[in-house]
Amino acid sequence: METLSLLAHGFSVALTPFNLMWAAMGVTLGTAIGVLPGIGPATTVALLLPMTFGLEPTSAFIMFAGIYYGAQYGGSTAAILLNTPGEAGAMMTTLDGNAMARKGRGAQALATAAIGSFIAGTIGTVGLTFVAQPMANIGLHLGPPEYCALMVLALTSVSALFGTSVTRGLLSLFLGLLLGSVGLEPLSGVPRFSFGIMELLDGIDTVIVAVALFAVGETLYSAARFRFVTEDIYALKGSLWMSKSDWARSWKPWLRGTGIGFAIGTLPAGGSEVPTVLSYVTEKKLSKNPEEFGKGAIEGVAGPEAANNASAAAALSPLLALGLPTSATAAIMLAAFQQYGLRPGPLLFQTKPDLIWGMIASLYIGNALLLILNLPLIGIWVRLLTIPRPWLFAGILCFSILGAYTLNTNVVDLVILLVIGLAGFAMRLLNVPLVPCLIGLILGPLLETQMRRSLMASLGDPSIFVTRPISLGLLLIAAAVILVPLLMRARRAMATK
Amino acid sequence: MTRNKRARFAPTSIQIPQAALGAFAVLLGVCVAIAAWGYREGSTYDSLGPSLFPLVIASGLIVTGLVILVGAFASDTSAEPVEQVDWIAVALVVVGLVVPIVLIVALGWIPVITIVFALGARAFGSRRTAVDLGLGLLFGILTFAFFNYALGLHLPSGWIISRLFG
């Protein structure tokens, strides 16, 4: 019951006209930027971060909650109508969503995505409300070795589950960890990898890396490929409403997707790719006509979209309660907290209840606003997809520079933007996933601190990580996450020989 | 016939981009390890201190790099071939990123962003440079006004302008 009174307090914070305005602005901007092709939720949040610099933290995070959910909604619009998934989580939506759009049923695909996202988002937020506090309580009892093992698990699962190959995921992770260790070492203050440059002593900012990898990297990649690709956009036509059979075919996938998304998203290991794939496969298995999948089955949109949104909501519990981001978007949210000098984790629930519960309450509000915003106004968002590509990407380029420069107003950040943007471009070309790099960057310093603290406690004896049962268990799971796919591939290779 | 041909060319079918990626990772790992070795100091109980974590990173880079390198020679098919690249367009965007580094302090936000916008649009095939410059100028003025007057941040107005008007 304590949770409910805290939530009620949160609503009293979020429902003041001033904060309500920021929530509305957040969902609107989130949807508007998230709709743009090539910009996923993570990039949206990173690009919009500077907008909140002048605000006090509670209002800023209320706006962020809106941007976070708005970006998820916007992303599915581009996935369905343009066949461009902004991030891994939207990949499954493109399969049947775009097929529906090609058949002239784009409006229904968007509707089932929007309503499914609303239901999943709301149920997911309810789940978050009740899971976050207990999770934070558990977090209070974890010692440095357990935290360390938990982070290793989060990092390895993110690396192994994103992209096509475990090795490339791990390479990306180590690059991120390396970027994260630039600057003053957290415990002893030794400067590392800073080449005598003053601005590097503070470390490399996560937001700049996110904007560079995703927005600049994507702009470079799109420029490189622009002459060779053509894109088709499918106009909305006919009835914009879902028919009775659409509803009948959608509601079960919504609920199943929500369940799958929430269950996996809450784990401090998730990522948005796994639940959407699982939901898609489940729907295909349960369907009476599995042959329709890939050719415009509405279940194939309803399930994964619900799963995606539920896992986005659920991913906020490890983020808020343990300080562990499990998706790129969550990593940038963590960076946003750090910008305000706040550290998500068990203690934040005690020191800043206003902020935490105000933010959770505004997730409910944002979700309701999004449904209102999306169903009748979808025509406006669709028009954003038709912005001429030269202006769209020129705008993204300018926004990236704006975001990087306003952070600290120094030119070194623009150099970092260029260098890491080029690295992001190279990684795109060479099929190295970007997400592990970003999460490695932000978790690296935290992991190192916990690792060193553990070793100090054990007087330098590394066996501390494997003699404590929880830590050992987590490390074994982490090892399995890496080894199982490798072994399976080796077995398959043996079988084909 | 075709099979014969492929067999003959097999030794040269090394995937160069893959090999380069693997070699880069190994090289980077070695550099990191050398740098990290210099960070051993302090009197903490963990004798390696600030160099421990970088050494872990270095070994990670070297191992993953070697796996990718070996894969390139064994023509590992897990990596799709690198797609065609329009290097001129890429170069235009890169110039767009270099311009603010060089000129933002001197020229200030608005002129710089006008140029960047036009370069970016050009990279994506726009030929209406005057329109692009106009839009860039508009974007520059709007963001300058919003950030400097509404948010209270300081986008630079540039010393040339302040010299002329200040």
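Predicted model, so just to flag it, every value in this text is computed and none were measured.

## Here we look at the overall build of chain B
Logical step 1: If you tally the helices and strands in chain B, you get 7 helices and 0 strands.
Logical step 2: Shown N-terminal to C-terminal, the secondary structure of chain B runs as helices and strands in the order α-α-α-α-α-α-α.
Logical step 3: Relative to its 166 residues, chain B shows a buried fraction of 39%.
Logical step 4: Pairs at least 24 apart in sequence give 60% of the contacts found in chain B among residues at least 6 apart.
Logical step 5: Entry remark: accessible area of chain B is about 9,400 Å², with carbon and sulfur atoms responsible for 70%.

## So, the interface of chain A and chain B
How big an interface is tends to be expressed through the accessible area that disappears when the partners come together.
Logical step 1: Of the residues lining the interface, 66 residues belong to chain A; the matching set on chain B comes to 65 residues.
Logical step 2: Here chain A and chain B share 1 salt bridge between them.
Logical step 3: Its salt-bridge partner being A:Arg227, residue B:Asp86 comes within 2.9 Å of it at the nearest N-O pair.
Logical step 4: Scanning the region where chain A abuts chain B turns up 6 residue pairs in polar contact (both at pLDDT 80 or more).
Logical step 5: Where the side of chain A that touches chain B is concerned, the elements lending two or more residues are α8 (166-180), β2 (191-192), α9 (206-225), α17 (389-408), α18 (411-429) and α19 (435-457) of chain A.
Logical step 6: Element by element, the count of residues in the side of chain A that touches chain B is highest for α17(A), at 13 residues.
Logical step 7: A breakdown of the residues in the side of chain A that touches chain B according to their chemical character gives 44 nonpolar, 14 polar and 8 charged.

## Describing helix α2 (residues 16-37) of chain B
Logical step 1: When the terminal C-alpha atoms of α2(B) are compared, their 31 Å separation across 22 residues agrees well with the 32 Å that a helix rising 1.5 Å per residue should span.
Logical step 2: Residues of α2(B) that are buried make contact with α8 of chain A together with α3 (52-73) of chain B.

## Concerning unusual backbone geometry
All names here are of chain A.
Logical step 1: Residues other than glycine seldom take positive phi values, yet threonine 409 does so here, at roughly 50 degrees.
Logical step 2: Examined against the element boundaries, threonine 409 turns out to sit in the loop between α17 and α18.
Logical step 3: Its identity as a non-glycine residue notwithstanding, asparagine 431 has a phi of 60 degrees, on the positive side.
Logical step 4: Inspection of the secondary structure assignment puts asparagine 431 in the loop between α18 and α19.

## Some thoughts on the packing of aromatic side chains
Logical step 1: Tallied over the full model, the rule gives 14 aromatic pairs over all chains.
Logical step 2: With a centroid separation of 5.2 Å and 70 degrees between ring planes, the pair formed by A:Phe226 and B:Phe124 is classed as edge-to-face. Of this pair, A:Phe226 sits in the loop between α9 and α10 (244-266) while B:Phe124 sits in the loop between α5 (109-123) and α6 (129-150), which puts the two residues in different chains.
Logical step 3: In this structure A:Phe226 comes out as partly exposed when scored by relative accessible area, which is 30%.
Logical step 4: Look at B:Phe124 and you get buried, because its relative accessible area is 2%.
Logical step 5: When the ring of A:Trp247 is compared with that of A:Trp254, the centres are 5.7 Å apart and the planes differ by 90 degrees; the resulting orientation is edge-to-face.
Logical step 6: One aromatic cluster is present, formed by A:Phe61, A:Phe64, A:Phe337 and A:Tyr340 through successive ring pairs.
Logical step 7: Cation over ring: A:Arg428 sits above A:Tyr221, and NZ or CZ is 3.9 Å from the ring centre.

## Notes on the packing of helix α2 (residues 17-35) of chain A against helix α16 (residues 353-384) of chain A
Geometry of a packed helix pair, given as the angle between the helix axes and the separation of the axes.
Residues and elements named next belong to chain A.
Logical step 1: Viewed as axis vectors pointing N to C, α2 and α16 meet at an angle of 40 degrees, and their least axial separation amounts to 10 Å. Compared by their axis directions, α2 and α16 come out oblique. For the pair α2 and α16, the crossing hand works out as right-handed. Contacts between α2 and α16 involve Leu20, Ala23, Ala24, Val27, Thr28, Thr31, Ala32 and Val35 from the first element and Ile365, Gly366, Leu369, Leu370, Leu373, Asn374, Trp381 and Leu384 from the second.
Logical step 2: Partitioning the contact of α2 with α16 into residue classes produces 12 nonpolar, 4 polar and no charged.

## With respect to the confidence of the model for chain A
Logical step 1: Put simply, chain A has an average pLDDT of 86, and 98% of its residues get 70 or more.
Logical step 2: In the model of chain A, helix α21 (residues 469-496) of chain A stands out as the element of lowest mean pLDDT, 83, in contrast to α18(A), which has the highest, 94.

## Some details on α3(B)
Logical step 1: Compared with the 32 Å implied by 1.5 Å per residue over 22 residues, the 32 Å span of α3(B) between its first and last C-alpha is a close match.
Logical step 2: Those residues of α3(B) not exposed but buried are B:Leu52, B:Phe53, B:Pro54, B:Ile57, B:Ala58, B:Gly60, B:Leu61, B:Thr64, B:Gly65, B:Ile68, B:Gly71 and B:Ala72.
Logical step 3: Buried residues in α3(B) make contact with α8, β2 and α19 of chain A together with α2 of chain B.

## Focus on the nonpolar core
Logical step 1: If you look at the biggest cluster of nonpolar residues, it comprises 187 residues, and the most contacted ones within it are A:Leu417 and A:Leu438.
Logical step 2: For this core, the element with the highest residue contribution is α9(A), accounting for 14 residues.
Logical step 3: Mapped onto the domain boundaries, this core takes at least three residues apiece from domain 1 (1-84) and domain 2 (86-166) of chain B.
Logical step 4: Apart from the residues lying within four places of it in its own chain, the contact partners of A:Leu438 are A:Thr206, A:Val209, A:Ala210, A:Phe214, A:Ala328, A:Ala331 and A:Ile332.

## Structural notes on a nonpolar patch on the surface
Residues and elements named next belong to chain B.
Logical step 1: Residues Val105, Trp159, Ile160 and Leu164 make up a contiguous nonpolar surface patch of about 410 Å² in total accessible area.
Logical step 2: Note that isoleucine 160 resides in helix α7 (residues 159-165).
Logical step 3: Judged by relative accessible area, isoleucine 160 falls into the partly exposed class, the value being 34%.

Thresholds applied
Within each chain, residue numbers correspond to sequence positions counted from 1 in written order. Chains carry letters from A onward and ligands carry numbers from 1 onward, assigned in written order. Where local features are concerned, this predicted model is filtered to residues with pLDDT of at least 70; where side-chain atom pairs are given and counted, the filter is 80 or more; whole-chain, interface and lining totals use all residues. Note that the side-chain values use all heavy atoms of the structure and ignore hydrogens as well as water. Numbered from the N terminus, helices here are DSSP runs of H or I no shorter than four residues, and strands are runs of E no shorter than two. Note on exposure labels: buried denotes an accessible area under 20% of the residue type's maximum, exposed denotes more than 50%, and partly exposed covers the range between, all computed with a 1.4 Å probe on protein chains only. Residues are treated as being in contact if the distance between any of their heavy atoms lies within 4.5 Å. Per-residue and other accessible areas were derived by the Shrake-Rupley procedure at a 1.4 Å probe size, with only the shown protein chains allowed to occlude residues. A pairing counts as a salt bridge when a side-chain nitrogen of Lys or Arg comes within 4 Å of a carboxyl oxygen of Asp or Glu. In the analysis that follows, any N or O atom pair within 3.5 Å is treated as a polar contact, provided that within protein one partner can donate a hydrogen and the other can accept it, and provided that, for residues neighboring in sequence, both atoms belong to side chains. Ten residues, namely Ala, Val, Leu, Ile, Met, Phe, Trp, Tyr, Cys and Pro, are considered nonpolar, four, namely Asp, Glu, Lys and Arg, are considered charged, and the remaining ones, Gly among them, are considered polar. Expected helix span is given by 1.5 Å per residue-to-residue step, counting one fewer step than there are residues. Aromatic contacts are taken between Phe, Tyr and Trp rings whose centres are within 6.5 Å, Trp giving its six-membered ring; a plane angle under 30 degrees counts as stacked, one over 60 as edge-to-face, and the others as tilted. A ring has a charge above it when a Lys NZ or an Arg CZ is no more than 6 Å from the ring centre and no more than 35 degrees off the ring normal. A fitted line through C-alpha atoms represents every axis, and for helices the fit uses only the stretch in contact; the resulting angles, taken between N-to-C directions, go from 0 to 180 degrees. Here the angle decides the label: under 35 degrees means roughly parallel, over 145 means roughly antiparallel, 65 to 115 means roughly perpendicular, and every other value means oblique. For any pair of crossing helices, the crossing counts as left-handed if the nearer helix is rotated counterclockwise from the farther one by less than a right angle, and right-handed if it is rotated clockwise. Every residue is assigned a pLDDT by the predictor, reflecting its confidence on a scale from 0 to 100. Nine residue types can take part in a nonpolar core, namely buried Ala, Val, Leu, Ile, Met, Phe, Trp, Tyr and Cys, and a core is a set of them joined through side-chain atoms within 4.5 Å. Source of the domain bounds: an automatic or database domain assignment. Within the patch definition used here, like charges are joined within 9 Å and nonpolar side chains (Val, Leu, Ile, Met, Phe, Trp, Tyr) within 5 Å, considering only residues with over 30% relative accessible area and no salt bridge.

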